[in-house]
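The primary structure of each chain is shown beneath.
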Amino acid sequence: MSSRGLQEFLQENLAELKSKGLYNVIDPLESANGPVITIKGKNLVNLSSNNYLGLATDQRLKDAAYQAIEKYGVGAGAVRTINGTLDIHITLEKTLAEFKHTEAAIAYQSGFNCNMAAISAVMDKNDAILSDELNHASIIDGCRLSKAKIIRVNHSDMDDLRQKAKEARESGLYNKIMVITDGVFSMDGDIAKLPEIVEIAEEFDLITYVDDAHGSGVLGKGAGTVKHFGLSDKVDFQIGTLSKAIGVVGGYVAGKQELINWLKVRSRPFLFSTALTPGDVGAITKAINILTESTELHDRLWENGNYLKKGLKELGFNIGDSETPITPCIIGDEIKTQEFSKRLYEEGVYAKAIVFPTVAKGTGRVRNMPTAAHTKEMLDQALAIYKKVGKEMGII
Ligand SMILES: Cc1ncc(COP(=O)(O)O)c(C=O)c1O
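The chain has the name Putative pyridoxal phosphate-dependent acyltransferase in an unreviewed UniProt entry, where Brevibacillus laterosporus LMG 15441 is given as its organism. UniProt, in the comment section headed Sequence similarities (unreviewed entry), describes the chain in these words: "Belongs to the class-II pyridoxal-phosphate-dependent aminotransferase family." What UniProt states about the chain under its Subunit (unreviewed entry) heading is, verbatim, "Homodimer."

Rendered as structure tokens:
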């Protein structure tokens, strides 16, 4: 039985969340997370997954996973540093380094724990981190774990970054100073201003760290945001997830050999959490090989992204300033945003509402993530439903 203190805490806080409409109810899928999903027996055009290239359900990845499971079993059996490193982990890391145009790479069990691992392995209480205010939660937690001084930088504001970098450097208070940014910001779909960030980093001797969870597979013909800007040799840490465009699960750091050597002896999830499973490793390696061999899926993603964007814009929706296939429909008011998403669902589109505190108050939005696996018919069906619900609710 739990203590009275815990029970009171849970009951009060759950009731408060429910009364404010902030208690998230999870809808389990009765199908794979493809372009059309089934929830409670209802088929919906899915615009909410991060499965950008449709690889989560690709037969070639399934076959690669089966083969790896056949040979190595379903679990790696240990952490990487004891005897959980299989030869396929090493092949995967070589493949990732080639994919990212870096000397080496290290794989982790998720993108989230990759940020927890990598930041705290190199930064400590004598250091400072300049962090974009819209950086992902895992970056924020990774920064906190390191105990370094966190200096928030206004979103993509290069004057603010330069000023704060200068102050931090001139203060003489810190040994190392790092600048961290998402490559692509997932709520608005805008791209980090990497050329300027790298220039400022060079001026003030900053370590550069780019989390490209939403850029890998999407920009730079698949290789990501850093490659898109031609900066592969200028960014110290290139972080990626293996759960979004790659379609499986996991995360990685790509960088110089020395950095990767250090992470292998000092990053805690690598040392203290069981390695990626053989099935995952088989499927991920296959996915990267597919992306390296052809840009077909990447090109289809952009075609679909542009098609949906154009359609929503022509209907009169506010789609913000996205530079990537991520397409927000900004509604504003939180309750209206939730209602809009609910009506889309009733009509046959799954597009989740994103409201404060994930985005700023008054900028509630329904976020659309088209993928390479959507057909034009699916997108047309979604647009027709958007038109109907948008008109009905007086949004367009
Ligand atoms: C920028 C960023 N970093 C890290 C993550 C976490 O990745 P994963 O889901 O692979 O743990 C996400 C996922 O939402 C993300 O958007």
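> So what's going on with the site of the ligand? Which residues, and what values?
Lining the immediate environment of the ligand, one finds 14 residues, of which Phe112, Asp211, His214, Ser243 and Lys244 sit closest. Between phenylalanine 112 and the ligand, the recorded distance is 2.9 Å, taken from a backbone N or O atom to an oxygen atom. Histidine 214 places a polar side-chain atom, nitrogen or oxygen, 2.9 Å from an oxygen atom of the ligand. Calculation on the ligand without its partners gives an accessible area of 390 Å², and the protein chains cover 83% of this total. Ranked by residue count, the leading element in the shell around the ligand is helix 5 (residues 111-122), at three residues.

> Break down the pairing of strand 8 (residues 237-241) for me, citing the residues and quoting the values.
Regular strands have side chains that alternate between both faces of the sheet. Most of strand 8 is tucked away, with five of its five residues classed as buried. Burial of strand 8 is two-sided: the residues Phe237, Ile239 and Thr241 facing one way and the residues Gln238 and Gly240 facing the other way are all buried. Inspection of the sheet shows strand 7 (residues 207-211) paired to strand 8 by three bridges, in the parallel sense. Residue aspartate 211 lies in a different strand from strand 8, and its bridge partner there is isoleucine 239. Of the pairings in the sheet, the one linking strand 8 to strand 9 (residues 251-255) comprises four bridges and is antiparallel in character. Looking at strand 9, one finds that isoleucine 239 is bridged to valine 253.

> How would you explain the domain arrangement of the chain if you had to name every residue and give the values?
Splitting the chain by domain gives domain 1 (19-48 + 295-393) and domain 2 (59-293). Look at where the C-alpha atoms of domain 1 and domain 2 centre, and you get two points 28 Å apart. Contacts between the two partners involve 19 residues from domain 1 and, on the opposite side, 16 residues from domain 2. Together domain 1 and domain 2 conceal approximately 1,300 Å² of surface at their shared face, both sides included; 60% is due to carbon and sulfur atoms. Applying the counting rule to domain 1 against domain 2 returns two salt bridges. The partner of lysine 221 in a salt bridge is aspartate 299, and the shortest N-O contact between them spans 3.6 Å.

> Describe the environment of glutamate 347, listing the residues and the values that go with them.
Within the fold, glutamate 347 resides in helix 14 (residues 334-347). The spacing of glutamate 347 and serine 131 is 216 residues in sequence and 40 Å in space, taken between C-alpha atoms. Those residues in contact with glutamate 347 that lie beyond four places of it in its chain are Ile385, Lys388 and Val389.

> Give me the lowdown on the packing of helix 4 (residues 87-100) against helix 12 (residues 278-293), citing residues and values where you can.
As a packed pair, helix 4 and helix 12 sit with axes 10 Å apart at the nearest point and diverge in direction by 25 degrees. Compared by their axis directions, helix 4 and helix 12 come out roughly parallel. When the axes of helix 4 and helix 12 are compared, the crossing they make is left-handed. Contact residues: helix 4 offers Ile88, His89, Leu92, Thr95, Leu96 and Phe99, while helix 12 offers Pro278, Val281, Ile284, Thr285, Ile288, Asn289, Leu291 and Thr292. By residue class, the composition of the contact of helix 4 with helix 12 is nine nonpolar, five polar and no charged.

What counts and how
- Per-chain numbering applies: the sequence of each chain, read as written, is numbered from 1 onward.
- Restriction of local features to residues with pLDDT of at least 70 applies here, the model being predicted, together with a cutoff of 80 or more for giving and counting side-chain atom pairs; totals for whole chains, interfaces and linings are based on all residues.
- Side-chain descriptors were evaluated using all non-hydrogen atoms of the structure, hydrogens and water having been removed beforehand.
- UniProt positions are given in the numbering used here, feature names are shortened, and annotations may be inferred rather than shown by experiment.
- Summary of the distance rule: residues count as near a molecule or strand when at least one heavy atom falls within 4 Å of that molecule or strand.
- By the criterion applied in these results, polar contacts are pairs of N or O atoms within 3.5 Å in which, for protein atoms, one can donate a hydrogen and the other can accept it, and in which residues neighboring in sequence qualify only through two side-chain atoms.
- Here, Shrake-Rupley sampling with a 1.4 Å probe gives the accessible areas, and only protein chains in the shown set may cover a residue.
- Secondary structure elements are defined from DSSP: runs of H or I of at least 4 residues count as helices, runs of E of at least 2 residues count as strands, and each element is numbered from the N terminus.
- In this scheme, a residue with accessible area under 20% of its type's maximum is buried, one over 50% is exposed, and one in between is partly exposed, where area comes from a 1.4 Å probe on protein chains only.
- Paired strands, as defined in this entry, are two strands with at least two bridges between them according to DSSP.
- Where each domain begins and ends follows an automated or database-derived domain assignment.
- Here, two residues are considered to be in contact whenever any of their heavy atoms come within 4.5 Å of each other.
- When two parts are brought into contact, each loses some accessible area as probed by a 1.4 Å sphere; the total of that loss over both is the buried area.
- Salt bridges are identified by distance alone: a Lys or Arg side-chain nitrogen within 4 Å of an Asp or Glu carboxyl oxygen.
- Helix axes use the C-alpha atoms of the stretch in contact, all axes being lines fitted to C-alpha atoms, and the angles between their N-to-C directions lie in the range 0 to 180 degrees.
- Angles are sorted into four bins: roughly parallel if under 35 degrees, roughly antiparallel if over 145, roughly perpendicular if 65 to 115, and oblique for all others.
- By convention the crossing between two helices is left-handed if the near helix lies anticlockwise of the far one by an angle smaller than a right angle, and right-handed if it lies clockwise.
- Residue polarity follows a fixed list, in which Ala, Val, Leu, Ile, Met, Phe, Trp, Tyr, Cys and Pro are nonpolar, Asp, Glu, Lys and Arg are charged, and the others, Gly among them, are polar.

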